Amino acid sequence: MRHFSHQKPNKCPKCGSPKVVNIIYGEPSYEASLEAEAGKIILGGCIIKGNDPYWACIDCKAKIFKRKFRTYP
Ligand SMILES: [Zn+2]
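Starting afresh in each chain, residues are numbered from 1 along the sequence in its written order. At least 70 in pLDDT is required for a residue's local features to be given in this predicted model, at least 80 for side-chain atom pairs to be given and counted, and no such filter applies to totals for whole chains, interfaces and linings, which use all residues. Where side-chain values are given, they derive from all heavy atoms of the structure, hydrogens and water being excluded.

So, about the nonpolar core. Here, nonpolar core refers to any group of buried Ala, Val, Leu, Ile, Met, Phe, Trp, Tyr and Cys residues whose side-chain atoms link them within 4.5 Å. Each residue is assigned to one of three classes by its accessible area relative to the maximum for its type, calculated with a 1.4 Å probe on protein chains only: buried under 20%, partly exposed between the two thresholds, exposed over 50%. Counting residues in hydrophobic clusters, the biggest one holds 6 residues: Cys12, Val20, Trp55, Cys57, Ala62 and Ile64. For Ile64, the residues in contact, after removing those within four places along its chain, are His3, Phe4, Ser5, Pro9, Pro13, Val20, Pro53, Tyr54, Trp55 and Ala56. By definition, residues are in contact when any of their heavy atoms lie within 4.5 Å.

Encoded structure:
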């Protein structure tokens, strides 16, 4: 199941954990690598498919997608 949000959620929609972090795409900088090791962000890799999740839960690894206005039914 996919989770959607307009903005970065304060809690994981799946498990309720507050450890929801940004997913950073592309070649990570040194700082980004350190933050990823510290669990402050998640590295999403270099391949961007166009509908990739914006945030992820550190605890349960749930991915959260940004809801776009144009996807409204
Ligand atoms: Zn979670």
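Next up on the list: the coordination of the zinc ion. In this analysis a donor is any N, O or S atom within 2.8 Å of a metal ion (3.2 Å for sodium, potassium and calcium), and since water is not included, sites may seem incomplete. For the zinc ion, the full set of protein donor atoms is Cys12 (SG), Cys15 (SG), Cys57 (SG) and Cys60 (SG), and the range of their distances to it is 2.3 Å. Residue classification places Cys15 among the partly exposed positions, given a relative accessible area of 42%.

Quick look at the pairing of strand β5 (residues 63–66) now. In the sheet, strand β1 (residues 3–5) pairs with β5 via 3 bridges, with the strands oriented parallel. In the sheet register, Phe4 faces β5, and the bridge partner there is Phe65. Relative to β5, strand β4 (residues 55–57) runs antiparallel, the two sharing 2 bridges. Looking at β5, one finds that Ala56 is bridged to Lys63. Between β4 and β5, which follow one another and run antiparallel, lie 5 residues, and Lys61 among them has a positive phi close to 65°. When DSSP finds two or more bridges between two strands, those strands count as paired. To qualify as a helix, a DSSP run of H or I must reach at least 4 residues; to qualify as a strand, a run of E must reach at least 2; elements of each kind are numbered from the N terminus.

Ordered by their spatial adjacency, 5 strands build an open sheet running β1-β5-β4-β2-β3, and the pairing between neighbours is mixed. Every other strand in the sheet has two partners, leaving β1 and β3 (41–45) as the edge strands with one partner each. Each strand axis lies, on average, 35° off the axis of its neighbour in the sheet, ignoring direction. The axes used here are C-alpha line fits, helices contributing only the stretch in contact, and every angle between their N-to-C directions lies in the interval 0 to 180 degrees.

For Lys61, which is not glycine, the phi torsion reads 65° and is therefore positive. Mapping Lys61 onto the fold places it in the loop between β4 and β5.

By definition here, a salt bridge exists when the distance from a side-chain nitrogen of Lys or Arg to a carboxyl oxygen of Asp or Glu is within 4 Å. Within this structure, the stated rule accounts for 1 salt bridge. Its salt-bridge partner being Lys19, residue Asp59 comes within 3.8 Å of it at the nearest N-O pair. On the criterion of sequence distance, the pair formed by Asp59 in the loop between β4 and β5 and Lys19 in the loop between β1 and β2 (20–25) is long-range, its members being 40 residues apart. Accessibility expressed as a relative area gives 44% for Asp59, which makes it partly exposed. Classification of Lys19 as partly exposed rests on a relative accessible area of 46%.

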